Amino acid sequence: GAVVSQHPSWVICKSGTSVKIECRSLDFQATTMFWYRQFPKQSLMLMATSNEGSKATYEQGVEKDKFLINHASLTLSTLTVTSAHPEDSSFYICSVTGQTYEQYFGPGTRLTVT
Amino acid sequence: AQSVTQPDIHITVSEGASLELRCNYSYGATPYLFWYVQSPGQGLQLLLKYFSGDTLVQGIKGFEAEFKRSQSSFNLRKPSVHWSDAAEYFCAVATMEYGNKLVFGAGTILRVKS
């Protein structure tokens, strides 16, 4: 399967600041990447579908102006949490999709907003 | 809408004992089915997948799963559990109707006692 990395693995930021999370597909050209968030002891919630060279598609209820997604190349998608607040603290995971619907996940980024 | 049910939130088994994790889905057509495993603070790893053909599929780490259309189930099994299998397990479904998005179950936390 595809190998996916995320950076940083853990970030602490102050309320009101913005933080960028990178998702890289290391051995696979990914036209589509997904961004999820996961709260403690809960399942993954799909936030958005990131499409290379075009705008991301956000799930219902996800603020597109708060969670900015850029997929500028076939190997890199970024998620920027703008004006972060404590309620944005979560575990953010990205994935790339294979040719037959399976997804390969990054190791995740834990965001803590103080 | 498609949904995935994992009825067991927690399961505890003794090391060396057999394991079965349940997964039921709600969808009219045959979906693409997946099992993922997540260790604490980590991303998800694909254990196995079912698309078509033989309804018993083999995965990594000695896991297998059986697709039963009549029961809309895709249960995960392992004949002998190792302490390193302790983790959270997610069943997921994808369908052509919803593109390549995955719908996840709530997850089952597996504890292994020695």
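Check the entry above for the structure.
Here the structure is a predicted model, which is why all the values come from computation and not from measurement.

Novice: Quick one: what's the story with the side chain of S95 of chain A, residue by residue and with numbers?
Specialist: All names here are of chain A. By secondary structure assignment, the location of S95 is in strand β9 (residues 90-97). Within the structure, the side chain of S95 is placed 2.7 Å from the side chain of Q103, a separation counted as a polar contact. Here S95 is in contact with T32, M33, F34, Y36, Q103, Y104 and F105, once residues within four sequence places are set aside.

Novice: Let's hear about the interface of chain B and chain A: which residues, and what values?
Specialist: Interfaces are often sized by the accessible area lost when the parts come together. With 22 residues of chain B at the contact, the number on the chain A side is 21 residues. Summed over both partners, the interface of chain B with chain A comes to about 1700 Å²; 59% of that surface belongs to carbon and sulfur atoms. There are 2 salt bridges connecting chain B and chain A. The partner of E102 of chain A in a salt bridge is K49 of chain B, with the nearest N and O atoms 3.2 Å apart. Sorting the residues of the side of chain B that touches chain A by element identifies β5 (32-38), β6 (44-50) and β10 (87-94) of chain B as the ones contributing at least two each. The leading source of residues in the side of chain B that touches chain A is β5 of chain B, at 4 residues. Grouping the amino acids of the side of chain B that touches chain A by side-chain chemistry returns 12 nonpolar, 8 polar and 2 charged.

Novice: Can you tell me about the state of the cysteines, naming the residues and giving the values?
Specialist: Taken as a whole, this structure holds 2 disulfides over all chains when the rule is applied. Between the sulfur atoms of C23 of chain A and its disulfide partner C94 of chain A the distance amounts to 2.0 Å. For the disulfide bridge between C23 of chain A and C94 of chain A, the dihedral angle about the S-S bond is near 80 degrees, and by the sign convention the bridge is right-handed. Here C23 of chain A, found in strand β3 (residues 19-25), pairs with C94 of chain A, found in strand β9; they are 71 residues apart in sequence, far enough to count as distant. The two residues C23 of chain A and C94 of chain A agree in class, both being buried. Between C23 of chain B and C91 of chain B runs a disulfide, and the two sulfur atoms are separated by 1.9 Å. With the S-S dihedral at roughly -65 degrees, the linkage between C23 of chain B and C91 of chain B falls on the left-handed side. Of the two residues, C23 of chain B is situated in the loop between β3 (19-21) and β4 (24-26) and C91 of chain B in strand β10; the sequence distance between them amounts to 68 residues. Residue C23 of chain B is classed as buried on the basis of its relative accessible area, which comes to 0%. Overall, the relative accessible area of 0% leaves C91 of chain B in the buried class. C13 of chain A takes part in no disulfide bond, and the closest cysteine sulfur, belonging to C94 of chain A, lies 18 Å away. Overall, C13 of chain A belongs to the buried group, its relative accessible area being 9%.

What counts, and at which threshold
Residues numbered from 1 in each chain as written. Chains lettered and ligands numbered in written order. Predicted model: local features only at pLDDT ≥ 70, side-chain atom pairs only at ≥ 80, totals over all residues. Heavy atoms only, no water. Helix = DSSP H or I, 4+ residues; strand = E, 2+ residues; numbered from the N terminus. Polar contact = N/O pair within 3.5 Å; in protein donor to acceptor, adjacent residues only side chain to side chain. Contact = heavy atoms within 4.5 Å. Buried area = accessible area lost by both parts, 1.4 Å probe. Salt bridge = Lys/Arg side-chain N within 4 Å of Asp/Glu carboxyl O. Nonpolar A, V, L, I, M, F, W, Y, C, P; charged D, E, K, R; others polar. Disulfide = S-S within 2.5 Å. Buried < 20%, exposed > 50% of the residue type's maximum accessible area, 1.4 Å probe, protein only.

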